[in-house]
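The residues making up each chain are set out below.
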Amino acid sequence: MWGPEGLDEVEAELLGPPEELKGKDVLEIGAGAAQCSRWLTAQGARPVALDLSHRQLQHALRIGGSFPLVCADAGALPFADESFDLACSAYGALPFVADPVLVLSEVRRVLRPGGRFVFSTTHPLRWAFPDEPGPEGLTVSASYFDRTPYVEQDDEGRAVYVEHHRTIGDRVRDIVAADLRLVDLVEPEWPSWNTAEWGGWSPLRGNLIPGTAIFVCERAR
């Protein structure tokens, strides 16, 4: 799944037709519990699941899978140049780093020429609205252009969660700055079958404003 709307890679084929994934080396960045890597393994691909969080990877290990788990920073990938055919990230890594160009440049480095990187994030437009599933989440309450990070702190003032806002234009410029080519920008519509509410996600909001942005990039050379 690329996001809460429920867009499935089987349907979207953003990494390519599933039957063509067999034998491909794929890096999942910000893998969390490595759900994407499990799906890729089922298609015959050879995924590697990478995350900065040791706890998330412990969860992935408990669930199980026949692919490597790597604990590392997405801005300093511990792989040789041109190691992967594809890379993917569903709501992983990119929203949580202050320097996304560093991550994108590292992804380009480890991709083989012609390799594709697909990543999804919360749609930047959502930053202007309260994170509420009901009608109160439909009124603009902040500037879309305010790039101040969202930070949660513990009782001692230490940051425990940080998310960085980038506009659509920022994301496009970041991709270009990393010497990647933007092939497509997908904004999934909310499907009629999805009646779930989760956090600020709901059919009400999903039918009116985009919730996910999926950037399809390629290393051209």
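This is a predicted model, so every value here is computed, not measured.

Parameters and conventions
- Residues numbered from 1 in each chain as written.
- Predicted model: local features only at pLDDT ≥ 70, side-chain atom pairs only at ≥ 80, totals over all residues.
- Heavy atoms only, no water.
- Helix = DSSP H or I, 4+ residues; strand = E, 2+ residues; numbered from the N terminus.
- Rg over C-alpha atoms; globule rule 2.2 N^0.38 Å.
- Buried < 20%, exposed > 50% of the residue type's maximum accessible area, 1.4 Å probe, protein only.
- Contact = heavy atoms within 4.5 Å.
- Areas by Shrake-Rupley, 256 points an atom, 1.4 Å probe, with all protein chains shown as cover.
- Lys, Arg positive; Asp, Glu negative; His and termini not counted.
- Charge placed at Lys NZ, Arg CZ, Asp CG, Glu CD.
- Salt bridge = Lys/Arg side-chain N within 4 Å of Asp/Glu carboxyl O.
- Core = buried A, V, L, I, M, F, W, Y, C linked by side-chain atoms within 4.5 Å.
- Polar contact = N/O pair within 3.5 Å; in protein donor to acceptor, adjacent residues only side chain to side chain.

## Observations regarding the overall build of the protein
Piece 1. Scanning the protein for helices and strands turns up six helices and nine strands.
Piece 2. A compact globule built from 221 residues should have a C-alpha radius of gyration of about 17 Å, and the protein, at 17 Å, falls within 12% of that.
Piece 3. Referenced to the eigenvectors of the C-alpha coordinate spread, the extents of the protein come out at roughly 45 × 45 × 40 Å.
Piece 4. Across the 221 residues that make up the protein, the buried fraction comes to 46%.
Piece 5. The long-range fraction of contacts in the protein, counting pairs at least 24 apart against all pairs at least 6 apart in sequence, stands at 66%.
Piece 6. For the protein, the computed accessible surface area is about 11,000 Å², with 53% contributed by carbon and sulfur atoms.
Piece 7. Taken as two groups, the 20 positive and 33 negative side-chain charges of the protein have centres that lie 6 Å from each other.

## Observations regarding the side chain of Glu5
Piece 1. Inspection of the secondary structure assignment puts Glu5 in the segment before α1 (9–12).
Piece 2. Arg126 provides the closest opposite charge to the buried, unpaired Glu5, separated from it by 5.4 Å.
Piece 3. If we skip the residues at most four places from it in the chain, Glu5 touches Pro188, Glu189, Trp190, Pro191, Trp193, Asn194, Trp201, Gly211 and Thr212.

## A few points about the nonpolar core
Piece 1. The biggest cluster of nonpolar side chains holds 31 residues, and the ones touching the most others in it are Leu27, Phe79, Leu104, Val107, Phe117 and Phe119.
Piece 2. Where this core is concerned, the elements lending two or more residues are β1 (25–29), β2 (46–51), β4 (84–90), α4 (100–110), β5 (111–122), α5 (168–177) and β9 (212–218).
Piece 3. Among the elements that take part in this core, α4 stands out by supplying four residues, more than any other.
Piece 4. Non-local contacts of Val107, meaning those with residues more than four positions away in its chain, are made with Ile29, Leu77, Ala87 and Phe117.
Piece 5. Core analysis: the second largest hydrophobic core is formed by 14 residues, Leu15, Leu40, Ala45 and Ile214 among them.

## Topic: the environment of Glu82
Piece 1. As for its placement among the helices and strands, Glu82 is situated in the loop between β3 (69–71) and β4.
Piece 2. Judged by relative accessible area, Glu82 falls into the partly exposed class, the value being 39%.
Piece 3. Taking the C-alpha atoms as reference points, Glu82 and Pro100, 18 residues apart in sequence, are found 20 Å from one another.
Piece 4. Aside from chain neighbours lying at most four places away, what touches Glu82 is Arg109, Val110, Leu111, Arg112, Pro113 and Arg219.
Piece 5. Here the side chain of Glu82 touches Arg219 through a polar contact of 3.3 Å, side chain to side chain.

## Describing the pattern of salt bridges
Piece 1. Tallied over the entire structure, the rule returns 16 salt bridges.
Piece 2. Between Arg109 and Glu106 there is a salt bridge; the shortest N-O distance is 2.8 Å. Separated by three residues within a single helix, Arg109 and Glu106 lie in helix α4, roughly one turn from each other.
Piece 3. On the basis of relative accessibility, which here comes to 14%, the residue Glu106 falls in the buried class.
Piece 4. When the shortest N-O distance is used, the salt bridge between Asp170 and Arg173 registers 3.1 Å. Here Asp170 and its partner Arg173 are both found in helix α5, three residues apart, which amounts to about one turn of the helix.
Piece 5. Among the residues examined, Asp170 registers a relative accessible area of 7% and is labelled buried.
Piece 6. Through salt bridges with shared partners, a single ionic network connects Asp25, Arg46, Asp85 and Arg112.

## Side note on the side chain of Asn194
Piece 1. Note on placement: Asn194 falls in the loop between β8 (181–186) and α6 (203–206).
Piece 2. A polar contact is formed between the side chain of Asn194 and the backbone nitrogen of Ala196, at a distance of 3.1 Å.
Piece 3. Among residues more than four places away in sequence, those in contact with Asn194 are Pro4, Glu5, Gly6 and Pro203.

## Quick word on the environment of Ala34
Piece 1. As for its position among the elements, Ala34 is in the loop between β1 and α2 (35–42).
Piece 2. On the accessibility criterion, Ala34 (0% relative accessible area) is buried.
Piece 3. Sequence separation of Ala34 and Asp51 is 17 residues, and the distance between their C-alpha atoms is 8.9 Å.
Piece 4. Apart from the residues within four sequence positions on either side, Ala34 is in contact with Glu28, Ala49, Ala60, Phe67 and Leu69.

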